Amino acid sequence: MTSTQLPGSHDVEAMTADGALPVRNPRTGRVDYLIHPPDRTEIAERCAGLRKAQPAWTAAGIGHRTAVLRRWADAIEANAKAIGDAETVDTGRSRVSHEVPYMVAASIRGWCDAAPTILERARLHGVSSTSATVRYDTEFDPYGLLGVISPWNHPFLLSTLDAVPALLAGCAVIVKPSEVAPRFVEPVAASIAEVPDLAAVLHFVTGGPDTGRSIVEEVDALCFTGSVSTGRALAQTCARRFIPAFLELGGKDAAIVTASADLRQAAAAVLKGAVHNTGQVCFATERVYVDRSVHDAFVEELTSQARRLELNYPDVDRGHIGPFILGRQADIVDAHLADALARGAILHCGGRSETLGGGRYMHATVLTGVDHDMKIMREETFGPVVPVQAYDDIDEAVRLANDSDYGLSAAVFAGDENEARAIGRRLDAGAVSLMDTSLTITIMRDVEKTSYNLSGLGGSRMGPNGMLRFLRRKALLTRSGPVPDMDSLREDAS
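In short, a report on the structure. (Residues numbered from 1 in each chain as written. Predicted model: local features only at pLDDT ≥ 70, side-chain atom pairs only at ≥ 80, totals over all residues. Heavy atoms only, no water.)

**Here's the deal with the sheet that holds strand 13 (residues 346-349)**
Here is step 1: Pairing is mixed in the open sheet, where seven strands are placed in the order 13-16-17-12-11-18-19. What marks the edges here is a single partner per strand, and that holds for strand 13 and strand 19 (431-434). Each strand axis lies, on average, 25° off the axis of its neighbour in the sheet, ignoring direction.
Here is step 2: Summarising the sheet, strand 18 (residues 409-413) and strand 19 pair through four bridges and their orientation is parallel. Residue pairing across strands places A410 opposite V432, the latter belonging to strand 19.
Here is step 3: Against the sheet, helix 12 (residues 263-275) engages strand 11 (253-257), strand 12 (285-291), strand 17 (385-391) and strand 18, with an angle of about 160° to strand 12. (Pairing = 2+ DSSP bridges. Helix = DSSP H or I, 4+ residues; strand = E, 2+ residues; numbered from the N terminus. Axes fitted to C-alpha atoms, helices over the stretch in contact; angles between N-to-C directions. Contact = heavy atoms within 4.5 Å.)

So, in structure tokens, the structure goes:
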């Protein structure tokens, strides 16, 4: 893995002549960083090295693996400023970027605390229910090498969500973060190098789609977080190779607000869920359905709160909304907004993106008069836009919320938890937040969920299965007493 940091502005064509990948700075719009991707042979050699080290990593036991991962958590915190500074450049946001190293370290320690119990509870011992002379025991055999391909919206955090439990399960792991936000890899690699036992079984590599495709050809299982189109293509490759693919894909999360809900609280939660990280979150709130009797009051409150949000320009350490990390994502959001307005939607605040200092920014944007003929209610927007549609009864609200190609998560706001829970049970989504949005992140090691529709495929990355899915189960069967011979299988046996 090699990369180059460049001062000032450079011409993209000149930088790609030698096969290097240019990386745009989301705040300046300039290319100031180059990735020099490894070729297929280099990927194969690195994977072979990881695979060679993996059996000893597994054989060392869960106690050793947790001790090594805890040392990495300490190293991450020791390198937190460098990691946070690099991710700030990657994403154009500061506060969250500098919080993430501590979030990752806490997650590692949490998995280390949970892993021994998860493994012990999953092991089964007993006697066959059909033959009293047969006993069984279960053992685990981890996939030798896991590939992780992670996205650009939360670069460091999302590169570790699958890697950490897989390492504890006994896998070796190769991670390819998005080429859109690769700068954080260098300080993270430095933290890994401080823990040699970990460096033998964990490697980050930077590169583009070709690098990702090379990795998929080398690994025993794949975790991918990103778009449906890319996930579908990777799943087809994994199917050809007969290896498991765990896919966490897009979302179009719906929120339902009933007539009995606290409108101020609901508006605050919806706004947070919609515009946090500039709306660049897979479980962002992208559709809101409000009881017609309180629709106007809710929109007034939502708009009032949205207008108070500020861009973090020109000061990265101030404001609420940062730039689009991927420049062309602003074009997608603008196109969704233009389509809605052309079809009769009403703009209450915000509007199309603007270029400031070379970066692409968008104020919190509230729309009404929307319907499901509009792209903004059907396709993943991934921007700070809140479209609000009125409904006449709960059956209609549920029908609208479920009328989607996605089913990652959802939210319900009602007068009390019981009312919200009754509605939440009817929603086609893997996780439903009640009386808030985006609660999924709080239960990563606690509760499993299954994505609906195009939002994902494979075992849940959450709860105990977030670790157990990287283990193949092996049943050891023991016969006690005499072994039945062929005479017992005679056709005329009585």
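**Section: the sheet that holds strand 20 (residues 456-457)**
Here is step 1: Within the open sheet, the six strands sit side by side as 8-7-6-9-10-20. Their pairing is mixed. Lying at the two open borders of the sheet, with one neighbouring strand each, are strand 8 (202-204) and strand 20.
Here is step 2: Across five bridges, strand 6 (residues 145-149) lies against strand 7 (residues 172-176) in parallel orientation. Opposite L146, over in strand 7, you have V173 as the bridge partner.
Here is step 3: Where helix 10 (residues 209-216) meets the sheet, its contacts fall on strand 6, strand 7 and strand 9 (221-225), and the angle it forms with strand 7 comes to roughly 160°.

**Overview of unusual backbone geometry**
Here is step 1: Y313 connects to P314 through a cis peptide bond whose omega is 5°.
Here is step 2: Structurally, P314 is set in the loop between helix 13 (292-307) and helix 14 (327-342).
Here is step 3: Positive phi outside glycine occurs at N277, with the angle close to 55°.
Here is step 4: For N277, a relative accessible area of 8% puts it in the buried group. (Buried < 20%, exposed > 50% of the residue type's maximum accessible area, 1.4 Å probe, protein only.)

**What about the pattern of salt bridges?**
Here is step 1: On inspection of all chains with the given rule, the structure shows 28 salt bridges.
Here is step 2: Close ionic contact of R183 with D32 constitutes a salt bridge, the shortest N to O distance being 2.8 Å. Taken together, the residues span a long stretch of sequence, with R183 in the loop between strand 7 and helix 8 (185-193) and D32 in strand 3 (residues 31-36) at a distance of 151 residues.
Here is step 3: Measuring nitrogen to oxygen at the nearest pair gives 2.4 Å for the salt bridge that ties R421 to E417. Here R421 and its partner E417 are both found in helix 16 (residues 417-424), four residues apart, which amounts to about one turn of the helix.
Here is step 4: A relative accessible area of 34% means that R421 is categorised as partly exposed.
Here is step 5: Residue E417 is classed as partly exposed on the basis of its relative accessible area of 44%. (Salt bridge = Lys/Arg side-chain N within 4 Å of Asp/Glu carboxyl O.)

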